[in-house]
Amino acid sequence: MDLPNQIKQHKAESDSYAILLYHLRDVGIFRNVTENDYGIDFEIEFVEDRRVVGNYIKAQVKASEKLVIRNSDSVPTISGIKQSTLNYWAQLSFKSHVVAYAVDLKTENIYISKPLFWDVISKIDRSNSTKTIEFLPHQNGLKSQVPVAKVFTKAYSVFPSLLDEIYNHKLGLKNLKRFASLYADVFHYDICSEVESQDDFATFLEVCKVLLVHENFDNSKFSDEEKKYRYSHQYWCNQSVNSGYDDEVVNFIARKPMEVLFPLYLDALQKYENRVFSGQYFWLHKDPTYLRLVYENIIPTARDHDGISDLGYDYPRERRNHGLTFNSYCAQI
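Residues numbered from 1 in each chain as written. Predicted model: local features only at pLDDT ≥ 70, side-chain atom pairs only at ≥ 80, totals over all residues. Heavy atoms only, no water.

1. Brief notes about helix α7 (residues 198-211)
For α7, built from 14 residues, the straight-helix expectation of 20 Å at 1.5 Å per residue is met to within 8% by its first-to-last C-alpha distance of 20 Å. Of the positions making up α7, those classed as buried are Q198, D200, F201, F204, L205, V207, C208, V210 and L211. Where α7 is buried, its residues meet α5 (162-174), α6 (176-188), α9 (233-242) and α10 (251-278). (Helix = DSSP H or I, 4+ residues; strand = E, 2+ residues; numbered from the N terminus. Expected span 1.5 Å × (residues − 1). Buried < 20%, exposed > 50% of the residue type's maximum accessible area, 1.4 Å probe, protein only. Contact = heavy atoms within 4.5 Å.)

See below:
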């Protein structure tokens, strides 16, 4: 009797979906979208304490019987990704985070990528060559990689959206000189005086809340309570009131968050600059105004207190690439 044979690729895909759903079943609601597969297999909507909270990510699942793990850094990789797929993931990322899972069919280990956007746009270019994506490193001390995948899947549900990242990066760049002046004024003016621009201070905290979302403050000057409320303008207002001042933040109170956060804010701006330039071909076509903003705003190298204070009074007027104009720069991409 002649019967149809199961295609090996279909078997691998089916097995990988079953493994993923079984191990991550308590994360949330998995909606299968493989019937219209253009590079996404599942939409995962998160559930917390049996409540559907409205956060979700989109996921692509890659199956392998011989998953390649680099010896140098224990990073699993999957190759052969079409640039059309990379472009699709990048566009979807403006609506929700897109992540990839690699399922090792032999061990049933599950590996997860970071949200793919910044990595994939760095691989988009003029060629038609396929690309390789990376996953979080294999943890040698763990019997199973599934708990790592589960922890990061849940973490991604509360990450700032890509639009929030880009908006606050733009805001952080456009206000860099104002924030530097704010820093200098907080330490220059009388400690009992109110911060001259409460709006600038509040905006600075909001920008830091997004750009420093992954920052660890364990070894900072903040107390445990200050770590918890470090980005709250109202908290620092309350600290001023508790110290006997009016209901606005005074310079003495603002000094600690400015001194702790400002060097990290500059580091974050540098990190995002590197990300944008790595994806310059993408941004040239998607949002050249954003690319220009990054190109024309050089991040100062100062990270110590005196150097940052000097920025408020004598901000450097540097030009990138020995004065190469933005249009000339774009012509070289």
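2. Here's the deal with the layout of surface pockets
Counted as a void, the largest pocket has a volume near 640 Å³. What lines the largest pocket is a set of 28 residues, among which K114, P115, W118, Y156 and R275 lie closest to the centre. Put simply, the parts of the chain that give the lining of the largest pocket at least two residues each are α3 (117-121), α4 (146-156), α5, α7 and α10. Looking at the lining of the largest pocket, its residues break down into 18 nonpolar, 4 polar and 6 charged. (1 Å grid on protein atoms, 1.4 Å probe; cavity = no way out; pocket = protein on both sides within 12 Å on 5 of 7 lines; lining within 4 Å. Points joined across faces, edges and corners; volume = space filled by probe spheres on them. Nonpolar A, V, L, I, M, F, W, Y, C, P; charged D, E, K, R; others polar.)

3. A word on unusual backbone geometry
We note that N321 has phi near 50 degrees; this positive angle belongs to a residue other than glycine. Positionally, N321 belongs in the loop between α13 (305-311) and α14 (326-331). Note on N321: relative accessible area 41%, which makes it partly exposed. The residue H322 is not glycine, and still its phi comes out positive at about 55 degrees. Following the sequence through the fold, H322 ends up in the loop between α13 and α14.

4. Section: the sheet that holds strand β8 (residues 131-134)
The strand order β4-β5-β8 describes an open sheet built from 3 strands, whose pairing is antiparallel. Edge positions in the sheet fall to β4 (68-69) and β8, since each of these pairs with one other strand and no more. In the sheet, β4 pairs with strand β5 (residues 76-81) via 2 bridges, with the strands oriented antiparallel. From the neighbouring strand, V68 faces β5, where its bridge partner is T77. (Pairing = 2+ DSSP bridges.)

5. A look at a negative patch on the surface
The grouping of D304, D306, D310 and D314 at the surface amounts to a negative patch. Within the secondary structure, D304 sits in the loop between α12 (288-296) and α13. Since its relative accessible area comes to 45%, D304 is described here as partly exposed. (Patch = residues over 30% accessible without salt bridge, like charges linked within 9 Å, V, L, I, M, F, W, Y side chains within 5 Å. Areas by Shrake-Rupley, 256 points an atom, 1.4 Å probe, with all protein chains shown as cover. Salt bridge = Lys/Arg side-chain N within 4 Å of Asp/Glu carboxyl O. Lys, Arg positive; Asp, Glu negative; His and termini not counted. Charge placed at Lys NZ, Arg CZ, Asp CG, Glu CD.)

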